[in-house]
Amino acid sequence: MARDGSAERDDRPAGDGPWWAGIGPVGAVGLIVAGAAVGLWFFLRLPGTPDEPGTAFYGVAKILAIGLVLAGTALLGRLRARAGERRDGEGE
C-alpha cells in the first residue's frame, strides 16, 4: 500500500461518491439560493415550518455549507487555471 493510501482509493467503484459530487458551479449556486430561501421561510415561520426549528435550521445549514464549499472550490479552480494560462503565456 502506498504511503498516501492510494491503494484504498483504487479499489472503490468509479461511481461511488456523495450526491453532490457532480453538480458543478451552477448547482452550487442553486444550493445556496435554495438553502437561503428555505432558511428565510423557517425564520419567518411561514406555513409548513417544523415544530422543532433547531433541526430544520441544521438541515438548511448543511445545504448552505455544501453549496458554499462547491462554489468556492469551483472559483479557486477557475482562478488557478487562469493563473496557469498567464504563466504559460509569459514564457513565450
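Colleague: How should I be thinking about a nonpolar patch on the surface in this particular structure?
Modeller: A cluster of nonpolar residues, L40, W41, F43, L44, L46 and F57, forms a patch on the protein surface that exposes about 600 Å² of accessible area. If you tally residues by element for the nonpolar patch, the top one is helix 2 (residues 24-43), at 3 residues. Summarising the element assignment, L44 is placed in the loop between helix 2 and helix 3 (53-90). Residue classification places L44 among the partly exposed positions, given a relative accessible area of 47%.

Colleague: Can you walk me through helix 2 in this structure?
Modeller: Three or four residues apart is the spacing at which side chains of an α-helix point the same way, because the helix has 3.6 residues per turn. The end-to-end C-alpha separation of helix 2 is 28 Å, in line with the 28 Å expected for 20 residues at 1.5 Å each. Those residues of helix 2 that fall on the buried side of the exposure criterion are A28, L31, G35, G39 and F42. Along the long axis of helix 2, the arc covered by the buried residues comes to 60 degrees, so they all point the same way. The outward face of helix 2, more than 90 degrees from its buried face, is lined by the exposed residues V26 and V33. Once helix 2 ends, the next one or two residues include R45, with phi positive near 55 degrees.

Colleague: What is the right way to look at the packing of aromatic side chains in this model?
Modeller: How two aromatic rings sit relative to each other is given by the distance of their centres and the angle of their planes. Under the criterion given, the structure shown has 1 aromatic pair. Centre to centre, the rings of F42 and F57 are 6.3 Å apart; their planes meet at 85 degrees, and the pair counts as edge-to-face. Of this pair, F42 sits in helix 2 while F57 sits in helix 3, and the two are 15 residues apart along the sequence.

Colleague: Honestly, the environment of G67 in this entry has me stumped. Any pointers?
Modeller: Within the fold, G67 resides in helix 3. When its relative accessible area of 0% is taken as the criterion, G67 is described as buried. As for G67 and L31, which are separated by 36 residues in sequence, their C-alpha atoms are 5.0 Å apart.

Colleague: How do you make sense of the side chain of T49 when you look at a structure like this?
Modeller: Its location among the elements puts T49 in the loop between helix 2 and helix 3. Among the polar contacts listed, one links the side chain of T49 to the backbone oxygen of L46, at a separation of 2.6 Å. With sequence-adjacent residues up to four places away left out, T49 is seen in contact with W41 and F42.

Colleague: Could you clarify how one ought to interpret unusual backbone geometry in this entry?
Modeller: Across the chain, the bulk of peptide bonds are trans and the bulk of non-glycine residues have phi less than zero. Although it is not a glycine, R45 adopts a positive phi angle of roughly 55 degrees. Residue classification places R45 among the exposed positions, given a relative accessible area of 51%.

Analysis parameters
- Residues numbered from 1 in each chain as written.
- Predicted model: local features only at pLDDT ≥ 70, side-chain atom pairs only at ≥ 80, totals over all residues.
- Heavy atoms only, no water.
- Patch = residues over 30% accessible without salt bridge, like charges linked within 9 Å, V, L, I, M, F, W, Y side chains within 5 Å.
- Areas by Shrake-Rupley, 256 points an atom, 1.4 Å probe, with all protein chains shown as cover.
- Salt bridge = Lys/Arg side-chain N within 4 Å of Asp/Glu carboxyl O.
- Helix = DSSP H or I, 4+ residues; strand = E, 2+ residues; numbered from the N terminus.
- Buried < 20%, exposed > 50% of the residue type's maximum accessible area, 1.4 Å probe, protein only.
- Expected span 1.5 Å × (residues − 1).
- Arc of directions from axis to C-beta.
- Phe/Tyr/Trp six-rings, centres within 6.5 Å; stacked < 30°, edge-to-face > 60°.
- Polar contact = N/O pair within 3.5 Å; in protein donor to acceptor, adjacent residues only side chain to side chain.
- Contact = heavy atoms within 4.5 Å.

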